[in-house]
Each structure stands twice: as structure tokens, then as C-alpha cells.
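Summary of the model geometry
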Number of protein chains: 2
Amino acid sequence: MDSDYGIPRELSAVQKLRSQYQPELPPCLQGATVRVEFGDTTTSLDPTDAHTIGRYFPHTYGQPLAHFLRATAKVPGAQVITEHPPFRVGVVFCGRQSPGGHNVIWGLLNALQVHNPKSTLLGFLGGSEGLFAQKTLEITDEILATYKNQGGYDLLGRTKDQIRTVEQVNATLTACKDLKLDGLVIIGGVTSNTDAAQLAETFAEAKCQTKVVGVPVTLNGDLKNQFVEANVGFDTICKVNSQLISNVCTDALSAEKYYYFIRLMGRKASHVALECTLQSHPNLVILGEEVAASKLTLFDITTQICDAVEARAAQDKNHGVILLPEGLIESIPEVYALLKEIHGLHRQGVSADRISSQLSPWASALFEFLPPFIKKQVLLLPESDDSAQLSQIETENSWHIL
Amino acid sequence: MDSDYGIPRELSAVQKLRSQYQPELPPCLQGATVRVEFGDTTTSLDPTDAHTIGRYFPHTYGQPLAHFLRATAKVPGAQVITEHPPFRVGVVFCGRQSPGGHNVIWGLLNALQVHNPKSTLLGFLGGSEGLFAQKTLEITDEILATYKNQGGYDLLGRTKDQIRTVEQVNATLTACKDLKLDGLVIIGGVTSNTDAAQLAETFAEAKCQTKVVGVPVTLNGDLKNQFVEANVGFDTICKVNSQLISNVCTDALSAEKYYYFIRLMGRKASHVALECTLQSHPNLVILGEEVAASKLTLFDITTQICDAVEARAAQDKNHGVILLPEGLIESIPEVYALLKEIHGLHRQGVSADRISSQLSPWASALFEFLPPFIKKQVLLLPESDDSAQLSQIETENSWHIL
């Protein structure tokens, strides 16, 4: 292991084989000619939010959606761009690593080179900290050689996932101006893409020439909608997890005496848990969205699990595998309310050891009911997006004890 | 998931591909002719044990070693066996699953069929419990079809790993006689192979016709010596673990702010940790054998780890991956002595909550020094081989806290 950025490294046999894979570009992104049709204006997912979002993003909300077209598409009025000036683009990894990060950079370099060989791609070293400090590495095909199709963010590294405070935003603005960037590409999850949207608005307001682009790459699999079929990394994450879950299923079947509880990443979304369920066929999965929609309580979920265990026992099967998304804990109404109270007290500056004494009577009753290690974990400071530190809450161990 | 034994099952694309692999037999096991040379008598690893072992195994200790020869070997005096009567053989999975278990059964069936198509292979259902209760499934090529080259012990299942008490040994003797077995093959690790050796002695004494054979298949990788190059499963275990460790290394390199402590199976032996180190190149590994040989204390090991962290920090690398074999905890002299005291008190019938008050002053001092969760874990009842419940002791979390 070595943390020198962008140095060529020795690849294992399987890594070499993997590096030879040539991902296929969608037809609309092939070649040097860009065909684009501008369509309806952007809207909010929930129409009742439109007004608020419009007010917070006056320069960027409501712009027309850009549809990129394949060469064979016949769309009257589509813009056809064949001449591309040389671009200077910066790219930064924000937040936790997810599969496919290095390939986003590869695709970016490839597109820039195809459009104009004089274009430049600068990678920021050490994530957002490198962006603020203007630490860059010019990305070339040689540098990418041993990182193509390889996991991790170690080509450039990453630090904090936030570009949010006035200092951070100003440092970013200064970096983009100093480096004369035409574009800034932020590779990250929900938090980073939210920051990217805010940054685009701020840049537009400041009449900064740098266009901000967010690329949805996240291990949580929670960035998808009508326009984003799945985020980068989702496929690999589900396959790798499904392989491990399947191994655990085989162990459960062999030993015939264990119930395995497996917690999967995903924050508020249970997409990873659902896809892994379809791929690996565990005995039970509790989906956060269903729990939230049906307002299932801790007691309801416990009953569901116990019923499943009982039904299997009646068939003489005293073993099984149960998947739980990490966001489940926040989907349970009473736990969500408890977490909200705790985070509210955090914001008021109440220290962790004094929080339990300041909870409302019902929240306190639930808190006291929880096993000691979960108590400690729900008292942790919330994440930068105000959700609980889900990766630190051992939901999978709770039902062992309840 | 379904626990009906031996039923054909649906394989995924990768499982189908895997099932087509044809393992190569060593030349000495190819064909229907068996060539065997009887050599020196068996001895004990440590010559000072020879007398004791000879006394406990009067019928089986000191028999000549059998060397199987390839067809081209010219060894005067070698026995050549071309006629094989039909055999009836039973096979049972004992102890925790390890890769390669199903293939041992495949190889066994194949050898029996090649030697005499009238031979029969009976699999005991549900491990040693099925052996005692004489629950069998006749193994055929059809039944094996979807289990070839596949992990797990789910073709037959497994339960407890012991064949040791008078009742268990007698039930086994009765089963072998009732089923007219010429051979009983026990697939398992250290405990099961110890039981197999004892069973062979008991059977010989009882003039039972059934030959007992132990096959070293264990996830701990701790069954190897001059005659056993590596146990079945070792290669797969090290490769699968190395892949996961390498992923963690990539994460450490990408985030550049975490130290990962990874605990690996292996009981008293650090073979798995060592092989994974060679394959995945973590920053540090602590080998149990070295700790025991150099009599390193908890303080020494902590100093070693801190020195490594400090040396890396001096190079501006505040991240890394450290491998710890699960047996490490028993290799540390003062912890070993503490565990011996605890297990001694267990044997005297002292309940777990009263053990800490009955420890010797120095053992008590060490015990009180340990973090609460480790305290709880070292108080667990020892395993059937009298070692601590290593899989339950979170050694990898200790150094976070120390």
C-alpha cells in the first residue's frame, strides 16, 4: 500500500485482466459530434416543492432538460455541435468510495480528448481539501493505465464530503477561476450532488464561467429517478454483496442452527437490499420504504421476524438469513422521532451524556428499552446530511437481543 | 433456501460454470490399480510424546506408513492391488464448513466406482447426529450433479462436531455394524480428526471391520505437516479472504483516514493470516507463533502497532490495514494464563458471573484492565477442544481501545 497519487502500480493477474475490459458507450455519447435537444423545463419531484426550490435556485431551476441524441436519431430542431474549443475541466472525488469512480474519470478524459485533443483534465488530489488548496494532477492516459476498471478512489484520494460553508464555496470559486476551469465535475453521492447543485447556483449568480456537473456515484444506491436509471456502482455493489450473502446462505444451510442478520448500506433507500434479495434469495428482507409506508413499529417488525422464524421452525428449519437495510432504523416511526429529538438536543449543544435525561417521556421510555450498545450508537452526532450515523448503528444486532 | 438434503437445485450461471471444472487427480490416485508401499512406522511429532501416544493408541500407533505410487514408479516390493471387492462406505461432515467438502465426497464416489461399480457410498444426514441415528442418503452421480465444485456442507448438512462420549462412540460403532460399513470417512478439522483417530483405535480394539478415515477439511487452515501439504479448503479460504482484505486496502488508500483491524480465522495457527498477508500486502500482521516464540506481552504488541502507526504518520500516511489471527489472543502469555484460569474455574463449576472474583491477583488485574466486551467474551465456555471461543472474541476491536 502506498498513498502517492497517480503513480503506476503493479497489478495482479486478475486486475490486469480486468483493466483490459472496454466499457461500451451509449450511442448518444459516441463520436465527436454532440446532438442535443432541449426539452421541457426541470421540475421538482414533488410539485408542492416547486415554489420553494425555485426560490432557492433562481438561476438554475426551470432550465430546459438536455436530451443527447444518437447519430441516427431524426429530431428536427436538435442542435448539432461539431466544433469543440479546448476545455479545461477539474474533477474531484467527494464522499465514500463506490465502484466505478475511476471509470468516470476515464470516460471524462476520453470524451474531452475525442472532442478536442488540446483539452485538459485536472484531478484534485485528496478530495475537496485538494480542491480548496488547488492541488492538482493532470490526468493522462498513462496515469490512468493501471486504474481503468479498478475499484477505489485511490488515483486521487478523497477527504471530507462537504463543499458547503462560505469558506469552502469561496475556496472552490477561487480555485475554478485561478485554474481557468470551464467545468468542475463532482463525483459523489446525495450530499455531494446536493452541494454540486448549490455550487452551480452560486457560480451562476457570481457569473463564474465554470459549469458544475454532479456525477451520481454512491455505495448507497440511493440516487435514481426518472432520468437516472441507477447510480454508478450500483451493479457492482449488489453483485459483490449478493455473492457474500449467498455464501452466508450456504453456511446457514450447512450448519442448520444459525439465523444470520445482515445489514446492507443504502441510507434512506432500500434499493441495495432489494436487489440483493432478488439476486441471493435470503429468507426475509425488511424494506425501509414498506416500514415507513405502513408505519410499522419496532413491535410490528419484531413480530414479523418472529412469525417467519416460527413458520420455518414448523417445517423443521431452524436457520435462515434475514436482510436489513441500514436505513431501517430511521424508517421505524418511533425510532425516527427519538433520533429527531436526540439530533435536536445535539444542535442545542447538549452533550451526549446529558441527552437521555432531557428526552420527552415517551422518547425516554423507548431509549431505555434499547440495548446498551444501540443506546450509545443512536447518541452519536448526526451525519452532514442530518441523518443518523447509520453505518455505526448495528441494526443487525438489535433483533438478536429484542 | 431449502434444507432438504441432496435434492437437485437451480444453479446460477457462475455456479453452472464452476460445476463444469474437472479437478485433476494426483497420478498415484488415477486408474483402478492401487500401488502401495509400506514404509516406516508412524511416529509422534515430538519424540518425547511417543511413549504416551503409544500407550493411548496401542492398536493403531506405530503401524507402517502407506505410500501410494504412480503407475510409472518402479518400487520393488510395492503391493499392486487390481481386484477390489465392492465396498460399503459411509461419509459424514463434522464441524464448521470449509470449501472443498462436497468435492471430497465426489472424489470418494468416483474412486469407489472406478474400483468397483458395485460399491456403495452412504452420506450421513445432518452430521454426527445423523451418524448416531443412522440417517443416510445413498450418494449417486445424479445427486452430486449440482454440488460438484460448490461450497458449503448443505448436500448432507452437519451438526455437532463431536464423536467423543461413550454414547456417541457406541452409537457410531452400532451404526457401522448395522450398515455393514467397510469404511467410515470423517470430514472435518482438528477436533474431528482427533475423534477419528480415537474412533479408529476403539474400532480396532472392538475388532470392528469398519476402517476409520479422517479427511483434513477445515476453515482454520491448521491441519498441515510433513505429510499434509495443506488441508482441503486452505487455498480457497486464503484467496477469498485476500480479495476482501485487498478491497479494504483500497478503501484505506482512498479515504486516507482509517486504520482497519481485520481478524482472520486459524485457531492456534496463523497460516491463513500469513498466506493472506503474502497475497494482499497489508501494512502489518501480528503472527501468533511469533508472539508465542518471543513471549511478547500485550504491552509489546501494542507498542509494535503504535510504532508502525507512528512510522507511517511520519510519511504522512494516516491510514492502514492490520491483520490479526484469531489465535493471537491465546498466544499472548499473560492472556493465555488468564484464559487457563477462567477455563479451570469453568470446569470446577464456577458460574461466569462469579469467576472474576475467584481469579488470582495478577489474573484479576489483567481481567479488570480489559474492555467490557472482551471481558464478557473471555468468560464464555471453552470450545470442545478446550481452547477459548476464538470466533467470539473480538481481538480486532481490542487495539482500538487499548
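Residues numbered from 1 in each chain as written. Chains lettered and ligands numbered in written order. Predicted model: local features only at pLDDT ≥ 70, side-chain atom pairs only at ≥ 80, totals over all residues. Heavy atoms only, no water.

**What to know about the overall build of chain A**
Note the following rule: In DSSP terms, a helix is any run of H or I states spanning at least four residues, a strand is any run of E spanning at least two, and both are numbered starting from the N terminus. Computation of the radius of gyration draws on C-alpha atoms alone. For the globule rule, the value is 2.2 Å times the number of residues to the power 0.38. Remark: exposure states derive from per-residue accessible area (1.4 Å probe, protein chains only) relative to the maximum for the residue type, with buried under 20%, exposed over 50%, and partly exposed in between. In what follows, a contact means two residues having at least one pair of non-hydrogen atoms within 4.5 Å. Under the counting rule used here, the positive set is Lys and Arg, the negative set is Asp and Glu, and His together with the chain ends is not counted. By convention, charge coordinates are those of NZ in Lys, CZ in Arg, CG in Asp, or CD in Glu.
For chain A, the count of helices and strands is 17 helices and 11 strands. In summary, chain A has a C-alpha radius of gyration of 24 Å against a globular reference of 21 Å for 402 residues, a match within 12%. Judged by the C-alpha coordinates and their principal axes, chain A covers about 70 × 50 × 50 Å. Scored against the burial criterion, the 402 residues of chain A give a buried share of 45%. Within chain A, counting contacts between residues at least 6 apart in sequence, those at least 24 apart form 75% of the total. Between the averaged position of the 33 positive side-chain charges in chain A and that of its 44 negative side-chain charges there is a distance of 4 Å.

**Some points on the packing of helix 8 (residues 234-255) of chain B against helix 9 (residues 271-280) of chain B**
Residue and element names in this part refer to chain B. The condition that has to hold: Note on definitions: angles span 0 to 180 degrees between N-to-C directions of axes, and those axes are lines fitted to C-alpha atoms, for helices only across the stretch in contact. Angles are sorted into four bins: roughly parallel if under 35 degrees, roughly antiparallel if over 145, roughly perpendicular if 65 to 115, and oblique for all others. Crossing chirality is assigned from the near helix's rotation relative to the far helix, an anticlockwise turn below a right angle marking it left-handed and a clockwise turn marking it right-handed.
With their axes 9 Å apart at the nearest point, helix 8 and helix 9 run at an angle of 55° to one another. The angle between helix 8 and helix 9 falls in the class oblique. Pair helix 8 / helix 9 crosses with right-handed handedness. Residue-level inspection shows Phe 234, Ile 237, Cys 238, Lys 239, Asn 241, Ser 242, Ile 245, Ser 246 and Cys 249 of helix 8 in contact with helix 9, the latter providing His 271, Val 272, Glu 275, Cys 276, Gln 279 and Ser 280.

**Side note on the relation of the copies chain B and chain A**
Put simply, the rule reads: Here the copies were fitted onto each other by least squares, based on C-alpha atoms from residues at pLDDT of at least 70 in both.
Laying chain B over chain A is done by rotating through 180° and shifting 0.0 Å along the axis; what remains is an RMSD of 0.1 Å. A rotation of that kind, with that shift, is consistent with a two-fold axis. Both copies contact each other with a shared surface, as 97% of the interface residues of chain B are interface residues in chain A too.

**A word on the domain arrangement of chain A**
Cut-off, in case you're wondering: The split into domains, and so the bounds of each, comes from an automatic or database assignment of domains.
Assigned domains within chain A: domain 1 (13-22 + 84-216), domain 2 (33-82) and domain 3 (234-401). Centre-to-centre separation of domain 2 of chain A and domain 3 of chain A, based on C-alpha positions: 39 Å.

**Looking at helix 6 (residues 166-178) of chain A**
All names here are of chain A. Going by this rule: Working rule for helices: expected span equals 1.5 Å times residues minus one.
Helix length check: helix 6, at 13 residues, gives a terminal C-alpha distance of 18 Å against a target of 18 Å (1.5 Å per residue), a fit within 8%. The complete set of buried residues in helix 6 reads Gln 168, Val 169, Ala 171, Thr 172, Leu 173, Ala 175 and Cys 176. Positive phi appears at Lys 180, one or two residues downstream of helix 6, with a value of about 50°.

**Re the interface of chain B and chain A**
For clarity, the threshold we go by: Values labelled buried area give the accessible surface lost by two parts on being combined, using a 1.4 Å probe and summing over both. Take a side-chain nitrogen of Lys or Arg and a carboxyl oxygen of Asp or Glu: if they are within 4 Å of each other, that pair is a salt bridge. We define a polar contact as two N or O atoms separated by no more than 3.5 Å, with the added condition that, inside protein, one atom must be a possible hydrogen donor and the other a possible acceptor, whereas residues neighbouring each other in sequence contribute only through side-chain atom pairs. Under the convention adopted here, Pro, Cys and the residues Ala, Val, Leu, Ile, Met, Phe, Trp and Tyr are nonpolar, Asp, Glu, Lys and Arg are charged, and Gly plus all remaining residues are polar.
Contacts between the two partners involve 32 residues from chain B and, on the opposite side, 32 residues from chain A. Roughly 2,600 Å² of surface becomes buried between chain B and chain A when both sides are summed, with 48% attributable to carbon and sulfur atoms. At the boundary of chain B with chain A, the tally comes to zero salt bridges. For the interface between chain B and chain A, the tally reads 12 residue pairs in polar contact (both at pLDDT 80 or more). At nine residues, helix 8 of chain B tops the list of elements feeding residues into the side of chain B that touches chain A. Of the residues assigned to the side of chain B that touches chain A, the class counts are 10 nonpolar, 14 polar and eight charged.

**A few points about helix 13 (residues 333-347) of chain A**
Residue and element names in this part refer to chain A. Across its 15 residues, helix 13 extends 21 Å between first and last C-alpha, which sits within 8% of the 21 Å expected from 1.5 Å per residue. What helix 13 keeps buried is the set Val 335, Leu 338, Leu 339, Ile 342, His 343, Gly 344, Leu 345 and His 346. Summarising the contacts, the buried residues of helix 13 are in contact with helix 11 (298-314), helix 12 (328-331), helix 14 (352-355), helix 15 (361-369) and helix 16 (372-378). Note on helix 13: the residue one or two positions beyond its end, Gly 349, has a positive phi of about 85°.

**Concerning the UniProt feature "domain: Phosphofructokinase" (unreviewed entry) in chain A**
Applicable threshold: UniProt positions are given in the numbering used here, feature names are shortened, and annotations may be inferred rather than shown by experiment.
Under the feature "domain: Phosphofructokinase" (unreviewed entry), the UniProt entry names residues 88-337 of chain A. The span residues 88-337 of chain A is 47% helix and 16% strand, and its two end C-alpha atoms sit 47 Å from each other.

**Topic: the sheet that holds strand 9 (residues 259-264) of chain A**
Residues and elements named next belong to chain A. Note the threshold: For two strands to be treated as a pair, DSSP must find at least two bridges joining them.
A sheet is described by the order of its strands in space; here three strands give the open sequence 9-11-10, paired in parallel fashion. A strand with exactly one partner marks an edge of an open sheet, and here the two such strands are strand 9 and strand 10 (284-285). Seen against the sheet, helix 8 (residues 234-255) touches strand 9 and strand 11 (320-325) and runs at an angle of roughly 170° to strand 9. Each of strand 9, strand 10 and strand 11 is contacted by helix 11, which is oriented at about 145° to strand 9, the strand it contacts most.

**A closer look at the pattern of salt bridges**
Residue and element names in this part refer to chain A. Enumeration over the complete set of coordinates arrives at 14 salt bridges over all chains. Across the pair Lys 239 and Asp 235 runs a salt bridge, and its minimum N-O distance is 3.0 Å. A residue pair is termed a helical-turn pair when its members lie 3 or 4 positions apart in one helix, as Lys 239 and Asp 235 do in helix 8 at four residues.

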